[in-house]
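Survey of secondary and tertiary structure
So the chains spell out like this:
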Amino acid sequence: MGPDPQITADLLTFADRAVARGALSVAVDALERAATLAATDTDRAVLLLRAAELACNLPDRKTKTAALLDSTRLLDLDVRDQARRALLEELAGLRPADDPAFTRTLIDHALAAQRAGECGLSRNLLWAAALRCWMHGSTSRLRSWFASVVEDLDPRMEDGALVLACLQPIERGRAVLRRAARIREQSPFDPVQMSHAIAIEGLLGEYPAVVAAMAATASHIRDQGRAMMLARFLSVWAGADIWVGQWDRALDNSQECERLATAIDEPVWRLMALGHRIAIAAHRSQNDQAEALGKEILTDRHLTPYLRAVAHRALGINALTAGRPQEAFDSLARLFDPADPVYHYCIEPFTVAELADAARAAGRLEEARTILDRLEPLTAHTTAAAFHISVNHARAQLAPDREAETAFTTALATPGLANWPYHRARLHLSYGQYLRRSRRISESRPHLRLALDLLHPLGAVHWADQARNELRATGDPSPGQSALTPQELRIARLAAQGHTNRAIGQHLHMSHRTVGAHLYEIFPKLGISARSQLRKALDETLAAPPPVS
């Protein structure tokens, strides 16, 4: 059949309707059929590339996208369509992940697209190239050159902020976070612009803001049927939740991300989800599980330098919560050495608090102070909360006794610290330990109690045990409001939300009979006799203690 404008138009309308209801595979087939009826090579290329863009979100995305792109190779593509094809090759994972030459190819296509007036395409190409730099730990020289290219293209940082956040997250932190704040102020209902703001904040460590916006954003992406984008956003959401102490939701989102990434053959994002699971297990002292997951990720052939650093950081934390501080310090210190294979420029700023905790436990304060001295000046370049909280924690934990009081007071006064319960709890624990070491017993107790009451619900077993032991050492007769074990607390919360024993069992991977046995133990601990009393009992049991700043 030759060209037929009417049938082609009908197929395009049909494809648009399919996209609107999330039926992307149907839309791809319609566009591919329309391409065979196109009157010119230019029209055919446009339709095939549009089909390939949608195919990137399908379960068989690599095979389908590759076939569609191959169909364009004999066509005479203009500058715009050559750039689109290169971008789609990257999005579908059809190019070697660690090839710096292709990173430069993407940048060259971006510059050509910009000259052709295709600003949106240029922005997407630059973002794809920046993501490569981030994931594969490109050299400082390449990243600096790339950043200068972006500055020349976008001196007002209207569109380049996300790219610069990837390339130089600390050095450009203050400026790009201002851009994210402007997006939130000017375009709060624009899902594309808001996704940029969320990505910037996720890269730079403004995790409470990310968490606050994620539910609506992920729902919008889910409704569109864009599996690849959804997998990426679930990973960002899980990473942010780990920082703000929402570990149950982080685990759920990590597992969904892993399933999605496996289904669409996105190995990098599958490993990102695996890295999050290692971190959650490590924070909860599920040490054997963390070790097993660590071996899995470190032996995967799709491991990238960034993912290696993520896994190494989580395993260092795991050694710390397993009570092996010397091993933890040796492992975490490698993340601060640019010559070490596990080093990554995006990881070291957010690891210094854990390094300081390991240094205090291992008696290696001077080594950690040397690292902190190098990082502290960088705080002037960014307002990112995660970096400032980490540095303030390390400064207090590593301070000589004569300076510790001031350092802890400053750290506890960090704006917004209440939104970071895990880090707030560890800071109060460290301060309480310092006060007890200084024989200021009565002053230490409120900090230790607050630490325990924050840590116990999270399931942060190692740190909760430390707080409990410190309280006992002060002679405190009732250390905290922590009658329930972490597992019991999770079951009680789910039951209070109205879930059945069977649903709770499926969620926590246990039988409904085991759930019932746990509830049998939970009721007397909370002083109740009926399921309907759970919500009120939990509210009372986990109510905040008297304020401690």
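Definitions and limits used
- Residues numbered from 1 in each chain as written.
- Predicted model: local features only at pLDDT ≥ 70, side-chain atom pairs only at ≥ 80, totals over all residues.
- Heavy atoms only, no water.
- Helix = DSSP H or I, 4+ residues; strand = E, 2+ residues; numbered from the N terminus.
- Buried < 20%, exposed > 50% of the residue type's maximum accessible area, 1.4 Å probe, protein only.
- Contact = heavy atoms within 4.5 Å.
- Polar contact = N/O pair within 3.5 Å; in protein donor to acceptor, adjacent residues only side chain to side chain.
- pLDDT = per-residue confidence, 0-100.
- Expected span 1.5 Å × (residues − 1).
- Arc of directions from axis to C-beta.
- Phe/Tyr/Trp six-rings, centres within 6.5 Å; stacked < 30°, edge-to-face > 60°.
- Lys NZ or Arg CZ within 6 Å of the ring centre and 35° of its normal.
- Disulfide = S-S within 2.5 Å.
- Axes fitted to C-alpha atoms, helices over the stretch in contact; angles between N-to-C directions.
- Parallel < 35°, antiparallel > 145°, perpendicular 65-115°, else oblique.
- Left-handed = near helix turned anticlockwise from the far one by under 90°.
- Nonpolar A, V, L, I, M, F, W, Y, C, P; charged D, E, K, R; others polar.
- Core = buried A, V, L, I, M, F, W, Y, C linked by side-chain atoms within 4.5 Å.

**Quick notes on the environment of leucine 77**
Mapping leucine 77 onto the fold places it in the loop between helix 4 (61-70) and helix 5 (79-91). Classification of leucine 77 by relative accessible area gives buried; the value is 8%. Sequence separation of leucine 77 and leucine 335 is 258 residues, and the distance between their C-alpha atoms is 45 Å.

**As for the environment of proline 325**
Checked against the element boundaries, proline 325 lands in helix 18 (residues 325-333). Taking the C-alpha atoms as reference points, proline 325 and alanine 361, 36 residues apart in sequence, are found 5.8 Å from one another. Every residue in contact with proline 325, bar those within four places of it in the chain, is listed here: Ala319, Ala358, Ala361 and Ala362.

**A closer look at the side chain of arginine 284**
Topologically, arginine 284 is positioned in the loop between helix 15 (267-283) and helix 16 (287-298). A distance of 2.8 Å separates a polar atom in the side chain of arginine 284 from a polar atom in the side chain of aspartate 248. Leave out the neighbours within four places in its chain, and arginine 284 touches Trp247, Asp248, Leu458, Gly459, Ala460, Val461 and Arg490.

**Digging into the confidence of the model for the protein chain**
Overall, the prediction assigns the protein chain a mean pLDDT of 89, with 96% of residues at 70 or greater. pLDDT under 50 marks residues 543-549. Its contacts with residues more than four places away, or in other chains, come to twelve contacts.

**Quick word on helix 10 (residues 173-186)**
Relative to the 20 Å expected for 14 residues at 1.5 Å per residue, helix 10 spans 20 Å between its end C-alpha atoms, a close match to the ideal helical length. Within helix 10, the full set of buried residues consists of Gly173, Val176, Leu177, Arg179, Ala180 and Ile183. Taken end-on, helix 10 shows its buried residues confined to a sector of 150°, consistent with a single buried face. Opposite its buried face, helix 10 presents the exposed residues Glu185 and Gln186, each directed more than 90 degrees away.

**Thoughts on the packing of aromatic side chains**
For the structure on display, the rule yields ten aromatic pairs. Judged by centre distance (4.9 Å) and plane angle (75°), the rings of tryptophan 247 and tyrosine 422 are edge-to-face. Taken together, the residues tryptophan 247 in helix 14 (residues 247-263) and tyrosine 422 in helix 23 (residues 421-437) connect sequence positions 175 residues apart. You can call tryptophan 247 buried: its relative accessible area is 1%. You can call tyrosine 422 buried: its relative accessible area is 2%. Each residue in the set Tyr207, Trp243, Phe350, Phe387 and Trp420 is aromatic and connected to the rest through ring pairs, giving one cluster. For the cation-ring pair, arginine 143 lies above tyrosine 345, with the distance from its terminal atom to the ring centre recorded as 3.6 Å. Here the guanidinium or amino end of arginine 426 rests over the ring plane of tyrosine 422, the centre of that ring lying 5.0 Å away.

**A short note on helix 17 (residues 305-321)**
Residues spaced three or four apart along an α-helix point in a common direction, a consequence of the helix completing one turn every 3.6 residues. Compared with an ideal rise of 1.5 Å per residue, which puts 17 residues at 24 Å, helix 17 spans 24 Å between its outermost C-alpha atoms and is within 8% of the ideal. With 15 of 17 residues buried, helix 17 is to be regarded as a mostly interior element. In the segment just after helix 17, glycine 323 is the residue with positive phi, at about 85°.

**What to know about the state of the cysteines**
Summed over all chains, the structure comprises zero disulfides. For cysteine 56, which is in no disulfide, the shortest distance to another cysteine sulfur is to cysteine 257 and amounts to 17 Å.

**A closer look at the packing of helix 4 against helix 5**
Interaxial distance between helix 4 and helix 5 falls to 10 Å at its minimum, and their mutual angle equals 160°. What the angle tells us is that helix 4 and helix 5 run roughly antiparallel. Classified by chirality, the crossing of helix 5 by helix 4 is left-handed. Only Arg85, Leu88, Glu89 and Leu91 of helix 5 make contact with helix 4, whose side of the interface consists of Arg61, Thr65 and Leu69. Taken together, the residues that form the contact of helix 4 with helix 5 break down as three nonpolar, one polar and three charged.

**A look at the side chain of threonine 65**
By secondary structure assignment, the location of threonine 65 is in helix 4. In this structure, threonine 65 is in contact with Ala52, Ala55, Cys56, Leu88 and Ala92, ignoring residues within four places of it in sequence.

**Remarks on the nonpolar core**
With 175 residues, the main nonpolar core has Leu125, Trp134, Phe146, Ile200, Tyr306 and Leu455 as its most contacted residues. Sorting elements by how many residues they give to this core places helix 13 (residues 227-244) first, with twelve residues. Core analysis: the next-biggest nonpolar cluster, separate from the first, contains 19 residues, Ile491, Ala492, Leu519 and Ala537 among them.

**Describing the packing of helix 6 (residues 100-115) against helix 7 (residues 119-136)**
As a packed pair, helix 6 and helix 7 sit with axes 8 Å apart at the nearest point and diverge in direction by 165°. In terms of orientation, helix 6 and helix 7 fall into the roughly antiparallel class. Relative to helix 7, the crossing made by helix 6 is left-handed. Contacts from Phe102, Thr103, Leu106, Ile107, His109, Ala110, Ala113 and Gln114 of helix 6 reach helix 7 at Cys119, Leu121, Ser122, Leu125, Leu126, Ala128, Ala129, Arg132 and Cys133. In terms of residue class, the contact of helix 6 with helix 7 is built from twelve nonpolar, four polar and one charged.

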